[in-house]
Amino acid sequence: MFFNHTLLGNVLRAVSARFHAHIALTAEAKAPITGDFSHLNLQECLDEAARQAGLEVVALGKTPADGYELRRPDKAAAEADAARRRAELLRQRALLDASTNSAQAGPGHAE
């Protein structure tokens, strides 16, 4: 299944039919989706479509047979997640800078 700027609602209909799964959509049905979904499993298809539309995937029960819903993410939770990811990236950058600086100084190099 290859989609080229296909409306999210249409993509989810095709994914639902392919995997015989109930998928509810509460927002952004007209978001354009592009990609080759033929090699992906159900969860990967939903995750990729949701990522492109700026939505989140929520399981409607404990088993895949219960279905899924794609909806707008909770703003507070999204902001907290973004802050956490930013802090982690800054920590990794500081570690990289520190290791680069120590490697440039080299052994026996006086400053």
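Residues numbered from 1 in each chain as written. Predicted model: local features only at pLDDT ≥ 70, side-chain atom pairs only at ≥ 80, totals over all residues. Heavy atoms only, no water.

(A) Inspection of helix H2 (residues 42-53) at higher detail. The terminal C-alpha atoms of H2 lie 17 Å apart, and with 12 residues this matches the ideal 16 Å at 1.5 Å per residue to within 8%. Taken as a whole, H2 has its buried residues at Leu-42, Cys-45, Leu-46, Ala-49, Ala-50 and Ala-53. All buried residues of H2 lie within an arc of 120 degrees about the axis, which places them on one face of the element. Buried residues in H2 make contact with helix H1 (8-19), strand E2 (23-25), strand E3 (32-36), strand E4 (56-59) and strand E5 (68-71). A distance of 3.1 Å separates the backbone nitrogen of Gln-43 from a side-chain oxygen at the start of H2, and that oxygen is part of Asn-41. A positive backbone phi angle near 75 degrees is found at Gly-54, which sits one or two residues after H2. (Helix = DSSP H or I, 4+ residues; strand = E, 2+ residues; numbered from the N terminus. Expected span 1.5 Å × (residues − 1). Buried < 20%, exposed > 50% of the residue type's maximum accessible area, 1.4 Å probe, protein only. Arc of directions from axis to C-beta. Contact = heavy atoms within 4.5 Å. Polar contact = N/O pair within 3.5 Å; in protein donor to acceptor, adjacent residues only side chain to side chain.)

(B) Local environment of the sheet that holds E2. Strand order in this open sheet of three strands is E2-E5-E4, and the pairing throughout is mixed. At either margin of the open sheet sits one strand with a lone partner, and together these are E2 and E4. Strand-to-strand twist of the sheet, defined as the mean angle between neighbouring strand axes without regard to direction, takes the value 25 degrees. Alignment of E2 against E5, held across three bridges, turns out to be parallel. (Pairing = 2+ DSSP bridges. Axes fitted to C-alpha atoms, helices over the stretch in contact; angles between N-to-C directions.)

(C) Region of interest: the packing of aromatic side chains. Within the structure shown, the criterion is met by one aromatic pair. Look at Phe-3 and Phe-37: their rings are 5.4 Å apart centre to centre, the planes differ by 80 degrees, and that puts the pair in the edge-to-face class. With Phe-3 in strand E1 (residues 2-7) and Phe-37 in the loop between E3 and H2, this residue pair connects regions lying 34 residues apart in the sequence. With a relative accessible area of 9%, Phe-3 lands in the buried category. A residue is classified by how much of its surface remains accessible, and Phe-37, at 1% relative accessible area, is buried. (Phe/Tyr/Trp six-rings, centres within 6.5 Å; stacked < 30°, edge-to-face > 60°.)

(D) The arrangement of the nonpolar core in detail. Core analysis: the biggest nonpolar cluster contains 21 residues, and Leu-8, Ile-23, Phe-37, Leu-42, Leu-46, Leu-55 and Leu-70 have the highest contact counts within it. When contributions to this core are tallied by element, the ones reaching two or more residues are H1, H2 and E5. The element that contributes the greatest number of residues to this core is H2, accounting for six residues. Contact partners of Leu-42, with chain neighbours within four places excluded, come to Val-15, Phe-19, Ala-21, Ile-23 and Tyr-68. (Core = buried A, V, L, I, M, F, W, Y, C linked by side-chain atoms within 4.5 Å.)

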